[in-house]
Amino acid sequence: MKTEDLKNNKDYKYGFTTDVENIRSPKGLSEETIRFISNIKKEPKWMLEWRLKAFNRLKALKEPDWQKPKYPKINYQDLYYYSAPKSASDKPKSLGEIDPKILETYKKLGIPLDEQKRLNGIAVDAVFDSVSVATTFKDELTKKGIIFCSISEAIQKHPDLVKKYLGSVIPLSDHYFATLNSAVFTDGSFVYIPPNTKCPMELSTYFRINASETGQFERTLIIADKGSYVSYLEGCTAPMRDENQLHAANVELVALDDAEIKYSTVQNWYPGDENGVGGIYNFVTKRGACRGKNSKISWTQVETGSAITWKYPSCILQGDNSVGEFYSIAITNNHQKADTGTKMIHLGKNTKSKIISKGISAGKADNMYRGLVEVKNKASNSRNYTQCDSLLMGNKCGAHTIPYIKNNNSTSTIEHEATTTKINEEQLYYCNQRGLDQEEAVSLIVNGFCKEVLQQLPMEFAVEAQKLVAISLEGSVG
Amino acid sequence: MKNFYNFKVDNIKGISAQEKEFRNKELDLFSKNGFPNKREEAWKFTDLNTILSKNFANISNDYVSLKEKKFEFIKEFDHNYLYVLDGKLVSNEFKFEDKNKVLIKEYDYKKQIPVRNQNSLNLLNNALATGGYYIEITKDYKLKKPLVIYNQFSESIKEQIVSYKNSLILNENSELTIINYTDTNSKNNFFVNSFDYFKLKKDSYLKNIFINKDRCNCYFHNYLKSDLEQNTNLDNYILSTGLKFNKIDIEINLNEENAKSSIFSALSLGREEHQEIKSSINHNFKNCQSYQKIKNVLNDKSRGVYQGKIFVKQEAQKTDAYQLSKALLLNDNAEFDAKPELEIYADDVKCSHGSTSGSIDLNSIHYLKSRGIPEKEAFQMLINGFLSEILEKLPEDDLKKFLTQKIGRQINGC
């Protein structure tokens, strides 16, 4: 596809590119690249060693092949692992120092970096390709003792916290993509909420892949200390290109006693065109540990973008009475493929988990829920409820459900139900009769189908997500 | 690691050079990966390789069958029978049926039946299987009485593998109820690896029941493939309790319109029993139905596994498929694992599945106790109630009574 065509293509409104000068690492995956990344970030020695350890481990690992969506082999030597706007090489101290082109980009995306102008009370960390370009509302958060900064900054300023928690949920040598991330991660967000603090505003990161031939490897680490609460949002977009780009992020959450973390994602990476050319490979590892008693982690995700989505936000329920939740909407259209779900591992007593997953499949897409619920021997009185519903639109798409259920405790209860149907003709007819056209009707019914999940999103995101649901399915019926 | 098995095609007598070559090829394929472990998706919850290596020192295929063995005839209901020893057909009797309506002969190994999901145990079966039967029911004939297959094993068999293949053809508009009755209480450890093939031609009806007589120390794996034509019905009942290890792998292909299949299972497991049901129901044509209901009661250190898959092809519109697995866990050492899977490519379908596992409702126990019923009895009542849903579905009164009694004894025994 030519650049001009891209500009005219209105289906994916985030498909533009920003013309900024970049600094890139040497091409390919090597020790040299890792040293380059570590060096440009002025990382301490222990961090470089950690990365190299991951890199050594990576050599022994193989890419997983059990997943349903198959993809052409990725040439890891043909990628840039670090790409940053030149103007950001010395991190700007104030918003005025950020390259106006980047500010413009975020404005186009609807992400306000300008603190005066924003009203909605969300603190944003904006990640552009491999680096964090701006973090808003720092002062206000600092007053409360909350640390919200890019992970690179945290490595330098809060090494003790990073050392203690980095890799404690997703170990260094977890699986191929997680280990790859550990070796080459470039930036991401770091959040620490001190004990008995309720974060006064929503924290948010906006990820943007701009440069071509780059992979984005960000790492997010959120720690909620005893009795604290935080709600964190994540959004992502990328320009339209006819090449596939790799996004392999790691997200680690740690909730201590009585703490609660709410993590919401609206993922709208470029999904490729209607013939399945281009798009992002979204291979993400997200895992949360409810370490303390009465802790809670809640994942909410709206997955509409990416050529291939492959992620399983999970909860390890270690503390007694801890709670894990997973709400998901995955929409696939055209040639998109999604293989997503969750893992709930019950270790502590009286732990509870709830999974609500809604999959919508249209065009020639494939949508899969894959999940694990495991109650270990000592997790007495634990409870799980899982519901996964799939909606099929048209007869060229597929919807699949693969739950793994393991119960090893006689006082615990696991319930799972799933249905697969198409849009109810009668409901459509009813809507049409009342003057809604086919597309409006479908959007209304689908939004109703997803309601349980949309309700979990913070308000601003819910509105965006609802629109996204409608846009993603445009032209899929009729 | 030292191999705990030693299989030789040369141990099989009287086969042609060509067959020998084929069997050796299959054995080589098996040897590449050996017995399955958790890395194989079909064995996600069971590491058979480890289980066998712990319990066997050296499995071989050089057993010698005893000449004659007595078997205890079931008196509770009238039936025809087939007597099978170590997989080999010994005798049969069809005194309730018309002459020349049922054709019985030995299994023909020249014909190969491909399976959808090749697994290493099938390869091993291809390499080592001997004996087995072939039954064909004539067109328009409905058997008056059920057919019991008495499966026995020689007492001398120990540390050995017994492999065989059977096939059963129901011609148009015929009907049969078959009971696979495993009759062994051997304390010896041995492995039985069998393959069954059912072909149901237009308008035929087959009821297939698995049950066993006693507890034994044997390991069973059965792959059951079935092809269903138009307007056919296949009902499977899995009631086999008491085996040390049992995995039934069922492949059902609904190939023509209005074919129906079901799997019902009521299992009450104790001690260190391991029971696994794997199903793969393939809706290859429109307007077919499938139904699965699996109920497990697990005590002691037992383990129940259910891996069910419903596959709906793009052209299989108007499919109606249902899957439910429920387990009662009575002991913290017991475990239930389930993987109810849906793979759907057609949009106008009704597919759903459910799975629950949990403990017995203590409120109900309390209720019964408060009405003067001792705790042990209260538990048994609730377990009976839990399984009765399946038992009610059993066909024919005499047979139902016999099977219910048998299962009742098993529940009370544990």
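Draft legend 1. Region of the structure containing the overall build of chain B. Looking only at helices and strands, chain B features six helices and 21 strands. In terms of overall size, chain B behaves like a compact globule, its C-alpha atoms giving a radius of gyration of 21 Å where 414 residues would be expected to give roughly 22 Å. A buried classification covers 60% of the 414 residues belonging to chain B. When contacts within chain B are restricted to residue pairs at least 6 apart in sequence, long-range pairs at least 24 apart make up 84% of them. On chain B, roughly 17,000 Å² of surface is accessible, and the fraction owed to carbon and sulfur atoms is 45%. Where the 61 positive side-chain charges of chain B centre and where its 57 negative ones centre are 2 Å apart.

Draft legend 2. Just the confidence of the model for chain B, in detail. On average, residues of chain B carry a pLDDT of 87, and 98% of them reach 70 or more. Predicted confidence in chain B is weakest over helix H6 (residues 397-413) of chain B, with a mean pLDDT of 76, and strongest over strand E13 (residues 233-238) of chain B, with 93.

Draft legend 3. Fine view of the interface of chain B and chain A. With 36 residues of chain B at the interface, the matching set in chain A holds 33 residues. Buried surface at the junction of chain B and chain A, both sides included, amounts to about 2,700 Å², of which 46% is carbon and sulfur. Where chain B packs against chain A, one counts one salt bridge. Linking Asp348 of chain B and Lys422 of chain A is a salt bridge whose minimum nitrogen-to-oxygen distance equals 3.9 Å.

Draft legend 4. Region of the structure containing a negative patch on the surface. Taken together, the side chains of Asp437, Glu439, Glu440 and Glu474 of chain A define an acidic patch exposed on the protein surface. Relative to the assigned elements, Glu439 of chain A resides in helix H10 (residues 438-449).

Draft legend 5. Expanded view of the pattern of salt bridges. Residues and elements named next belong to chain B. Applying the stated criterion across every chain, the model contains 38 salt bridges over all chains. Between Lys20 and Asp10 there is a salt bridge, with its nearest N and O atoms 3.2 Å apart. Of this pair, Lys20 sits in helix H1 (residues 17-33) while Asp10 sits in the loop between strand E1 (5-6) and H1, and the two are 10 residues apart along the sequence. The residue Asp98 makes a salt bridge to Lys144 at a minimum N-O spacing of 2.9 Å. With Asp98 in the loop between strand E4 (88-93) and strand E5 (102-106) and Lys144 in the loop between strand E6 (133-137) and strand E7 (147-152), this pair connects stretches of sequence that are 46 residues apart. Shared partners join several salt bridges into a network, and the residues in it are Glu41, Lys309, Lys339, Glu341 and Glu343.

Draft legend 6. Structural detail: the packing of helix H4 (residues 362-370) of chain B against helix H5 (residues 375-391) of chain B. Residues and elements named next belong to chain B. Where H4 contacts H5, the axes come no closer than 9 Å and their chain directions differ by 125°. One finds that H4 runs oblique with respect to H5. In this structure, the crossing between H4 and H5 has a hand that is right-handed. Listed contacts from H5 to Ser364, Ile365, Leu368 and Lys369 of H4 are Glu375, Ala378, Phe379, Met381 and Leu382. Class assignment for the residues of the contact of H4 with H5 results in six nonpolar, one polar and two charged.

Draft legend 7. The arrangement of unusual backbone geometry in detail. Residues and elements named next belong to chain A. Even without a glycine there, the phi angle at Asn294 is positive, about 55°. Relative to the helices and strands, Asn294 resides in the loop between strand E13 (279-290) and strand E14 (296-303). Despite not being glycine, Asn350 shows a phi value in the positive range, around 55°. Take Asn350: it is sitting in the loop between strand E19 (343-346) and strand E20 (352-361). Owing to a relative accessible area of 29%, Asn350 belongs among the partly exposed residues under this scheme.

Draft legend 8. Seen up close, the nonpolar core. Counting residues in hydrophobic clusters, the biggest one holds 78 residues, and the most contacted among them are Leu203 of chain A together with Leu176 and Leu206 of chain B. Per-element accounting of this core gives the leading share, four residues, to strand E14 (residues 243-254) of chain B.

What counts and what doesn't
- Residues numbered from 1 in each chain as written.
- Chains lettered and ligands numbered in written order.
- Predicted model: local features only at pLDDT ≥ 70, side-chain atom pairs only at ≥ 80, totals over all residues.
- Heavy atoms only, no water.
- Helix = DSSP H or I, 4+ residues; strand = E, 2+ residues; numbered from the N terminus.
- Rg over C-alpha atoms; globule rule 2.2 N^0.38 Å.
- Buried < 20%, exposed > 50% of the residue type's maximum accessible area, 1.4 Å probe, protein only.
- Contact = heavy atoms within 4.5 Å.
- Areas by Shrake-Rupley, 256 points an atom, 1.4 Å probe, with all protein chains shown as cover.
- Lys, Arg positive; Asp, Glu negative; His and termini not counted.
- Charge placed at Lys NZ, Arg CZ, Asp CG, Glu CD.
- pLDDT = per-residue confidence, 0-100.
- Buried area = accessible area lost by both parts, 1.4 Å probe.
- Salt bridge = Lys/Arg side-chain N within 4 Å of Asp/Glu carboxyl O.
- Patch = residues over 30% accessible without salt bridge, like charges linked within 9 Å, V, L, I, M, F, W, Y side chains within 5 Å.
- Axes fitted to C-alpha atoms, helices over the stretch in contact; angles between N-to-C directions.
- Parallel < 35°, antiparallel > 145°, perpendicular 65-115°, else oblique.
- Left-handed = near helix turned anticlockwise from the far one by under 90°.
- Nonpolar A, V, L, I, M, F, W, Y, C, P; charged D, E, K, R; others polar.
- Core = buried A, V, L, I, M, F, W, Y, C linked by side-chain atoms within 4.5 Å.

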